[in-house]
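# Architecture and fold: a report
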Amino acid sequence: MDDRDWKIISTLYKYKNITKTANTLFISQPALTSRIKQIESSLGVQLIQRSNKGISFTPYGEFAAQFAIQYLKDFYIFKQNLQSFGNEVTGTLKIAVSSIIGRYYLPTLLENFQQLYPKIRYEITITPSSEVNKLVKSHLADFGFTKNASAFEKNNKLLLTTYNALIASKNPFNIEDLPKMNLITYPYEESYRASIWKWWKETFDCPPNIGTKVSNLDISKEMIFAGLGYGILPEILVPECSGPLFTKAMYFKDGSIFKRNTWLIFDIKNVETFPVQKVFYQFMKDAYFPGFLRQRNKI
């Protein structure tokens, strides 16, 4: 057995679900099922039981899961401390990030960070905000950039900035025109979708006219830029349009504007323990990100 096997056991114990475990570890379900059987064969015991209600761990499995969790924690501490001997901070930084931040800001951010700490390596995962949260919660990522950090306590998150969500169209429009216009949608992150429909229900007494559904934000943006309908875009994307783009802010019934936050999420215990995580947190908090945001003005 190797580290990957212990990670499989600990992740499966966390989710009690083959699909979620496979998605978290970025392997196929058949491959995961096959590997679990190989692990059980290697240990000579049955770790899990399957039923209509899902997966449960046998007493052997419970014992193995607790060992896996402790082993991975101890081994991670060992590697981080080993790599940090000497004057220079070295090691691997695991970051989970949503697509917009990963595309527009992370490369420049890491370029500046690497100038200070050239021996730190990176493992970057681009995934929706909801998955970013899961990866950080399960300690499969050291830091996450996310839009919804409500599940994290105050000392485990850092508010980086806030930007407006805008109604955008290639053609001039008024807010009251929207029910008659074609809406271009994509699979919104859960909390974002809830806020959008809250705004819509407060503003109109009829459902939106969904003209086009696309698979992601980038395609939605291009469809809007081509004049095929209107959509809801982060304000960071608006300057990318080659021609004029008409936008309007969205106000809730109580007068507040529709904004989205960008959070850095982490485990503060690890930040205080591991040198690599400590310097990145300090960089984000004090040295680089605030000035970066003032320069770029939005994220």
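Residues numbered from 1 in each chain as written. Predicted model: local features only at pLDDT ≥ 70, side-chain atom pairs only at ≥ 80, totals over all residues. Heavy atoms only, no water.

## Side note on the overall build of the protein
To keep it simple, the criterion reads: Helix and strand labels come from DSSP, where a helix needs a run of H or I of at least four residues and a strand needs a run of E of at least two; each type is numbered from the N terminus. In what follows, a contact means two residues having at least one pair of non-hydrogen atoms within 4.5 Å. Residue exposure ignores everything except the shown protein chains as possible cover, and the areas themselves are Shrake-Rupley values with a 1.4 Å probe.
Scanning the protein from N- to C-terminus turns up twelve helices and eleven strands. For the protein, restricting intrachain contacts to residue pairs at least 6 apart in sequence, the fraction spanning at least 24 positions comes to 72%. Working note: accessible area of the protein is about 15700 Å², and carbon and sulfur atoms make up 51% of it.

## A short note on the nonpolar core
Spelled out, the test is: Buried Ala, Val, Leu, Ile, Met, Phe, Trp, Tyr and Cys residues form a nonpolar core when they are joined through side-chain atoms within 4.5 Å. Between buried and exposed lies partly exposed: a residue is buried under 20% and exposed over 50% of the maximum accessible area for its type, with that area taken using a 1.4 Å probe on protein chains only.
Counting residues in each nonpolar core, the largest one holds 57 residues, and the members touching the most others are Phe145, Leu178, Trp199, Leu264 and Phe280. Beyond its immediate stretch of four places on either side in the chain, Leu178 contacts Ile167, Phe173, Trp199, Trp200, Phe204 and Tyr230. Grouped together as the second largest cluster of nonpolar side chains are 28 residues, Ala22, Ile39, Ala65 and Val132 included.

## Here's the deal with the packing of helix H1 (residues 3–15) against helix H2 (residues 18–25)
For the record, the criterion: Every axis in this analysis is a line fitted to C-alpha atoms, fitted for helices over the stretch in contact. Angles between the N-to-C directions lie between 0 and 180 degrees. For this classification, under 35 degrees means roughly parallel, over 145 means roughly antiparallel, 65 to 115 means roughly perpendicular, and everything else is oblique. Helix crossings get a hand from a simple test, with the near helix turned counterclockwise from the far one by less than a right angle marking a left-handed crossing and a clockwise turn marking a right-handed one. In this count, Pro and Cys sit with the nonpolar residues alongside Ala, Val, Leu, Ile, Met, Phe, Trp and Tyr, while Asp, Glu, Lys and Arg are called charged and the others, Gly among them, polar.
Two elements in contact, H1 and H2, have axes separated by 9 Å at closest approach and are oriented at 135 degrees. Here H2 runs oblique to H1, going by the angle between their axes. Remark: the crossing between H1 and H2 carries right-handed chirality. For the pair H1 and H2, contact is made by Arg4, Lys7, Ile8, Thr11, Leu12 and Tyr15 and by Ile18, Lys20, Thr21, Thr24 and Leu25, respectively. A breakdown of the residues in the contact of H1 with H2 according to their chemical character gives five nonpolar, three polar and three charged.

## What to know about helix H9 (residues 217–225)
Counted only if it meets this: It is the directions from the helix axis to the C-beta atoms whose arc is reported. Whenever two N or O atoms come within 3.5 Å, that pair is a polar contact, provided that in protein one can donate a hydrogen and the other can accept it, and provided that, for residues adjacent in sequence, both atoms are side-chain atoms.
Regarding H9, the residues found buried are Leu217, Ser220, Lys221, Ile224 and Phe225. For H9, the buried positions fall inside an angular range of 135 degrees around the axis, keeping them on one side. Looking at the buried residues of H9, the elements they touch are helix H5 (99–104), strand E6 (157–169), strand E7 (183–185) and strand E9 (231–234). Structurally, the start of H9 carries an N-cap: the backbone nitrogen of Asp218 is 3.1 Å from a side-chain oxygen of Asn216. Of the residues one or two after H9, Gly227 is the one with positive phi, at around 85 degrees.

## Re the packing of aromatic side chains
The condition is simple: Two rings belonging to Phe, Tyr or Trp (six-membered ring only in the last case) form a pair when the distance between their centres is within 6.5 Å. Interplanar angles under 30 degrees mark stacking, angles over 60 mark edge-to-face geometry, and anything in between is tilted. Geometrically, a charge over a ring is one whose NZ (Lys) or CZ (Arg) sits within 6 Å of the ring centre while staying within 35 degrees of the ring normal.
Tallied over the full model, the rule gives 18 aromatic pairs. Centroid distance Phe113 to Phe280: 5.1 Å. Interplanar angle 90 degrees. Geometry classified as edge-to-face. One end of the pair, Phe113, is in helix H6 (residues 106–116); the other, Phe280, is in helix H11 (residues 275–287), and 167 residues separate them in sequence. Pair check on accessibility: Phe113 and Phe280 agree, each one buried. With a centroid separation of 5.4 Å and 35 degrees between ring planes, the pair formed by Phe252 and Phe258 is classed as tilted. The residue whose ring lies beneath Lys14 is Tyr15, and the NZ or CZ to ring-centre distance is 5.7 Å. The cationic tip of Arg260 hangs over the ring face of Tyr192; the distance from NZ or CZ to the ring centre is 4.0 Å.

## Some points on empty space enclosed by the protein
Remark: the empty space left among the atoms is shown by a probe the size of a water molecule rolled over them. The condition that has to hold: Both site types are read off a 1 Å grid over the protein atoms alone. A 1.4 Å probe that fits but cannot get out defines a cavity, while an open set with protein on both sides within 12 Å along at least five of seven lines defines a pocket; lining residues have an atom within 4 Å of a point. Grid points are joined across faces, edges and corners, and a volume is the space filled by probe spheres set on the points.
According to the stated counting rule, one finds one cavity of 30 Å³ or more in the structure shown. Estimates place the volume of the largest cavity at around 50 Å³. Along its surface, the largest cavity is lined by Ile8, Ile9, Leu12, Ile36, Ile39, Leu47, Ile48 and Phe57. For the lining of the largest cavity, the elements supplying multiple residues, two or more each, are H1 and helix H3 (29–43). By residue number, the principal contributor to the lining of the largest cavity is H1, which donates three residues. Residue composition of the lining of the largest cavity, grouped by class: eight nonpolar, no polar and no charged.

## Concerning the confidence of the model for the protein
Quick reminder of the rule: Scored between 0 and 100, pLDDT is the confidence that the predictor attaches to each residue.
Across the protein, the average pLDDT comes to 85, with 90% of residues at or above 70. Overall, residues 287–299 carries pLDDT values under 50, and its contacts beyond four positions in sequence, including any with other chains, amount to 31 contacts.

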